[in-house]
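The chain contents come next:
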Amino acid sequence: MTIVEQFVTSVDGTKIYAESAGDRSKPTIVFSHGLAGTVLAWDSQFSDPDLRRDFHLVRYDLRGHGRSDKPVGEQAYESIKFAEDFKAVCDGFGVEKPFFAGWSLGGCVVVDIVAAYGPTSLSGVLYIGGGVLSLTKYHPPCATPFIGGLIPLLTSTDADDVSRAAELFVDSCTAPGKLLPYPQRLQWLGAFVSQPRTVRCLSITRVQPYEIWEQQARKLPVLIVQGTADQHCVYENMIRFTKEIYEEVDVRMLEGVGHSPAVESPTETNRYIRGWTNQVVARQA
């Protein structure tokens, strides 16, 4: 498998790490990870020969995450900055009008993109596991009591809380009793603890112009791939809100899968991604 790596520079000078794989002549899917995650969350998609054959796959570390720069000023986490990062990644790989696949927190970047560039900048949206529709409006009613109770620990200024917060957060990203393989668990823990606490706070408290997205995004086709054992997301609420916002929503449920379908159930998740995206491409042709 050949992966092309590059750093792109966003409008404000922030360096964003990005990768691509697959067939660059095919439709593009841009993948966005969740809070305190990295591009590695999508390894099972980038290694899938069917996805690489049918699509151009792009993934990037959100600002404040992974190998991307981690500015700590509040202005660096304004909505427009996330939209500009997305555009910088697309421009870096010569991509126009991709599909956007977001896991958890990564899902809310759709709001930033639509508010800045309009819905015609995307071909469709895929929420792959506990999609955060909008931080400002929809995250509170879609967050489980568990994740709500974990927020104070995630944002604590006490250094002794960091390791405990990391373990609770990472271990709850999968279904109860089904921990990640130890090497992968360490990888995710490392991504969490390498993120400055200020960045973690700004990433989950930033304000988004959700009204523009609500008004303009209705015609975008949407796929939801969701586990029934998600410890972070009240998925019934998330699905209901999604159907109120978008006209065309296709839902695929995975029994016994937690917050991370792309990792916990990659074969099924990849089949849904491939089948749905190819259908939308054929219809839009």
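Anything mentioned here points back to the structure above.
The residue numbering used here restarts from 1 in each chain and proceeds along that chain's sequence as written. With pLDDT at 70 or above as the cut-off, local features in this predicted model cover only qualifying residues; side-chain atom pairs require 80 or more to be listed or tallied, and sums for whole chains, interfaces and linings still use all residues. Excluding hydrogens and water, the side-chain figures rest on all heavy atoms present in the structure.

**A short note on the packing of aromatic side chains**
Each Phe, Tyr or Trp ring (for Trp, its six-membered ring) is paired with any other whose centre lies within 6.5 Å, and the angle between the two planes then decides the class: stacked below 30 degrees, edge-to-face above 60, tilted in between. All chains considered together, the criterion is met by twelve aromatic pairs. Summarising the aromatic geometry, the rings of Y127 and Y246 are spaced 6.3 Å apart at their centres and angled 55° between planes, so their arrangement reads as tilted. One end of the pair, Y127, is in strand β6 (residues 124–128); the other, Y246, is in the loop between α11 (235–245) and β8 (249–254), and 119 residues separate them in sequence. Using a 1.4 Å probe on the protein chains alone, a residue whose accessible area is under 20% of its type maximum counts as buried, one over 50% counts as exposed, and one in between counts as partly exposed. Y127 sits in the buried class, given a relative accessible area of 1%. With 5.0 Å between their ring centres and 55° between their planes, Y138 and F241 make a pair best called tilted. On the criterion of sequence distance, the pair formed by Y138 in the loop between β6 and α5 (139–142) and F241 in helix α11 is long-range, its members being 103 residues apart. Since its relative accessible area comes to 12%, F241 is described here as buried. Among the aromatic residues, those joined into a cluster by ring pairs are Y127, Y138, W213, F241 and Y246. Numbering of helices and strands starts at the N terminus; helices are DSSP runs of H or I of at least 4 residues and strands are runs of E of at least 2.

**Observations regarding empty space enclosed by the protein**
Here the term cavity refers to a set of points on a 1 Å grid, laid over the protein atoms alone, in which a 1.4 Å probe fits but cannot get out; the term pocket refers to an open set having protein on both sides within 12 Å along at least five of seven lines, with lining residues being those that place an atom within 4 Å of a point. Grid points are joined across faces, edges and corners, and a volume is the space filled by probe spheres set on the points. Inspection of every chain in the model, using the stated rule, returns four cavities of 30 Å³ or more. Computed from the structure, the largest cavity encloses a volume of approximately 220 Å³. Forming the walls of the largest cavity are 20 residues, and the residues nearest its centre are S104, V132, H139, I147 and H232. Listed by contribution, the elements that provide at least two residues to the lining of the largest cavity are α5 and α6 (145–154). The leading source of residues in the lining of the largest cavity is α6, at three residues. Residues are grouped as follows: Ala, Val, Leu, Ile, Met, Phe, Trp, Tyr, Cys and Pro are nonpolar; Asp, Glu, Lys and Arg are charged; all remaining types, including Gly, are polar. Residues of the lining of the largest cavity, tallied by class, amount to 14 nonpolar, six polar and no charged. Taken together, 14 residues make up the lining of the second largest cavity; nearest its centre are A36, G37, T38, W188 and A191. Of all the elements in the fold, those that place two or more residues in the lining of the second largest cavity are α7 (161–171) and α8 (182–193).

**Describing the sheet that holds strand β1 (residues 4–9)**
Reading across the sheet, the eight strands line up as β1-β2-β4-β3-β5-β6-β7-β8 and stay open at both edges, with mixed pairing between neighbours. Whereas interior strands pair on both sides, the edge strands pair on one side only; in this sheet they are β1 and β8. Geometrically, the sheet is characterised by an average inter-axis angle of 20° between neighbouring strands, direction not taken into account. By this definition, two strands are paired if DSSP reports at least two bridges between them. As defined by bridge partners, strand β3 (residues 28–32) adjoins strand β4 (residues 56–60) across five bridges and the pair is classed as parallel. The residue of β4 that forms the bridge with I29 is L57. When checking whether two residues touch, look at their non-hydrogen atoms; a contact exists if any pair is within 4.5 Å. Every axis in this analysis is a line fitted to C-alpha atoms, fitted for helices over the stretch in contact. Angles between the N-to-C directions lie between 0 and 180 degrees. Against the sheet, helix α3 (residues 79–92) engages β1, β2 (15–22), β3, β4 and β5 (99–102), with an angle of about 130° to β1. Strand contacts of helix α13 (residues 266–284): β3, β5, β6, β7 (222–227) and β8, with the helix running at about 170° to β6, the strand carrying the most contacts.

**Some points on the side chain of D54**
Tracing the sequence through the fold places D54 in helix α2 (residues 49–54). Here N278 takes part through its side chain, which lies 2.9 Å from a polar atom of the side chain of D54. Beyond its immediate stretch of four places on either side in the chain, D54 contacts K26, P27, R274 and N278. Residues adjacent in sequence count toward polar contacts only when both atoms are side-chain atoms; beyond that, a polar contact is any pair of N or O atoms within 3.5 Å, and within protein one must be able to donate a hydrogen and the other to accept it.

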